[in-house]
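# Coordinate inspection notes
Each chain, written out:
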Amino acid sequence: MGFLHILHLEDNEADHELVDMAMLRSDWEVHWTWVDTLEAFEAALRDKSRAVDLVLADYHLAGFTAMDAWACLNRLYERPAPFVVVSGAIGEATVAEAMVQGVNDYVDKNHLVRLPSVVQRVLELAQAKRAEVLAQEALEDSRKRLAEFADHLQTSIDKERADIAREIHDDIGGSLAAVKLNLAALLRRTQDEHSQRQMQAALEMTEHALGASQRIMRNLRPAILDQGLWPALQWLTRTFAERTGLVVTVHGGERLGRIAPPLAMVAYRTVQEALTNVFKHAHASRVTVDLSDLDGCLTVEGSDDGQGATVEDLAKLQP
């Protein structure tokens, strides 16, 4: 089976030898550390040169019990080695209390033939528990790294959007504004009606393109967010209502505290996407957005009077 380091807390040498003989029936190659005081027990646990795989402890010892040793083990180790009480008859109530406090098992000294199988079982259970804990830690670490990656990705996307919005404003917006001024100037100087009509049409198309570029720029990186989440959502819901004809109300924003810019951007995008989905799919006439930051947790809730998703609609979302 392999090598096994057992720390045995026992104040009777003859009993220690009996336990040693009992373990000879197992497939383990056992290395023993035998101690008979709580101080020696703690010193053995602190000896990092030899990791303890299993603790066997008599229950009634000079001036203390196995539960004092169990408490010492848990104080020194976040993940203690398996702990088995090997003692004379101590009563069912005492055994039950020890189990409730976390002791792994109990073996009566009059039935040491059970010891190898009990040791085998508690070691297997401990190994399974360690594997489960390690798997859970790995899962939590994976979730944490995934969340960090998602945050980094969102930050990168927002930065890219801001850069594109700035280029639209500086290059395309500036050029369109210059074209608009030049066309207006030419229109004032031209007397030919045909040319005037063409320039007027070009001026209207330029005005439309300028408006479209400004709308795209605001969608990429709404500058109004610099004034805070509440003003930005007021502007968003107002312009959405004007564009779609839906009645949109937003509540709770006036009570919001200071919202960090990255979180404000996420909340803004969430409301923006929700409004778009309502317009496209819900066939609603009224939309309500409720905001809250109770206990430092920002909550955004949306509701509408449109049609809900049917079972068939939900089935389409399945991969």
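Predicted model only: the values in this text are computed from it and were never measured.

## Quick look at the pairing of strand 8 (residues 247-251)
Burial along strand 8 is one-sided: the face carrying Val248 and Val250 is buried and the face carrying Val247, Thr249 and His251 is not. Of the crossover connections in this fold, the one passing from strand 8 over helix 8 (residues 261-282) to the parallel strand 9 (residues 286-292) is left-handed.

## Some points on the environment of Glu92
Mapped onto the fold, Glu92 is located in helix 4 (residues 92-100). Placed 44 residues apart in sequence, Glu92 and Lys48 show a C-alpha to C-alpha distance of 35 Å.

## A short note on helix 7 (residues 229-244)
The end-to-end C-alpha distance of helix 7 is 22 Å, a good match for the 22 Å that 16 residues give at a rise of 1.5 Å each. On the buried face of helix 7, the contacting elements are helix 6 (193-220), strand 8, helix 8 and strand 9. Just downstream of helix 7, Gly245 is the residue with a positive phi angle, here 85 degrees.

## Here we look at the pattern of salt bridges
Close approach of charged atoms lets side chains of opposite charge pair. Applying the stated criterion across every chain, the model contains 12 salt bridges. A salt bridge links Asp105 to Arg121; the nearest nitrogen and oxygen atoms lie 2.4 Å apart. With Asp105 in strand 7 (residues 105-108) and Arg121 in helix 5 (residues 115-189), this pair connects stretches of sequence that are 16 residues apart. Exposure remark for Arg121: the relative accessible area of 37% places this residue in the partly exposed category.

## Digging into the packing of aromatic side chains
Enumeration over the complete set of coordinates arrives at two aromatic pairs. Taken together, a centroid distance of 5.3 Å and an interplanar angle of 65 degrees make the contact between Trp70 and Phe83 edge-to-face. Separated by 13 residues along the polypeptide, Trp70 in helix 3 (residues 66-76) and Phe83 in strand 6 (residues 83-87) bring together distant segments of the chain. Residues Trp70 and Phe83 agree in their burial class; the two are buried. Judged by centre distance (6.4 Å) and plane angle (85 degrees), the ring pair of Phe240 and Phe279 falls under edge-to-face. You can see Phe240 sitting in helix 7 and its partner Phe279 sitting in helix 8, a full 39 residues away along the chain. What makes Phe240 buried here is its relative accessible area of 4%.

## Some details on helix 8
Helix length check: helix 8 (22 residues) gives 30 Å between terminal C-alpha atoms against 32 Å at 1.5 Å per residue, within 8%. Packing partners of the buried residues in helix 8 comprise helix 5, helix 6, helix 7, strand 8, strand 9 and strand 10 (299-304). Phi for His283, located one or two positions after helix 8, is positive at around 55 degrees.

## Considerations on the pairing of strand 9
Only one face of strand 9 is buried, namely the one carrying Val287, Val289 and Leu291, since none of Arg286, Thr288, Asp290 and Ser292 on the opposite face is buried. Here strand 8 runs beside strand 9; their pairing, made up of five bridges, is parallel. Residue pairing across strands places Thr249 opposite Thr288, the latter belonging to strand 9. Two elements, strand 9 and strand 10, share six bridges in a ladder whose sense is antiparallel. In the strand pairing of strand 10, Val287 is matched with Asp304. In textbook terms, the turn of a hairpin is the stretch between consecutive antiparallel strands, and for strand 9 and strand 10 this stretch comprises six residues, one of which, Asp295, has a positive phi near 55 degrees.

## A closer look at the packing of helix 1 (residues 13-23) against helix 5
The geometry of helix 1 relative to helix 5 is characterised by a closest axis approach of 8 Å and an angle of 75 degrees between their N-to-C directions. Between helix 1 and helix 5, the angle is such that the two are roughly perpendicular. Listed contacts from helix 5 to Val19, Ala22 and Met23 of helix 1 are Leu115, Pro116 and Val119. Residues that form the contact of helix 1 with helix 5 fall into these classes: six nonpolar, no polar and no charged.

## A word on a nonpolar patch on the surface
Taken together, Leu146, Phe149, Leu153 and Ile157 make up a surface patch of nonpolar side chains, about 390 Å² in accessible area. Ile157 gets classed as partly exposed once you look at its relative accessible area, which sits at 34%.

What counts and what doesn't
Residues numbered from 1 in each chain as written. Predicted model: local features only at pLDDT ≥ 70, side-chain atom pairs only at ≥ 80, totals over all residues. Heavy atoms only, no water. Buried < 20%, exposed > 50% of the residue type's maximum accessible area, 1.4 Å probe, protein only. Helix = DSSP H or I, 4+ residues; strand = E, 2+ residues; numbered from the N terminus. Right-handed = clockwise from strand over helix to strand, strands pointing away. Expected span 1.5 Å × (residues − 1). Contact = heavy atoms within 4.5 Å. Salt bridge = Lys/Arg side-chain N within 4 Å of Asp/Glu carboxyl O. Phe/Tyr/Trp six-rings, centres within 6.5 Å; stacked < 30°, edge-to-face > 60°. Pairing = 2+ DSSP bridges. Axes fitted to C-alpha atoms, helices over the stretch in contact; angles between N-to-C directions. Parallel < 35°, antiparallel > 145°, perpendicular 65-115°, else oblique. Nonpolar A, V, L, I, M, F, W, Y, C, P; charged D, E, K, R; others polar. Patch = residues over 30% accessible without salt bridge, like charges linked within 9 Å, V, L, I, M, F, W, Y side chains within 5 Å. Areas by Shrake-Rupley, 256 points an atom, 1.4 Å probe, with all protein chains shown as cover.

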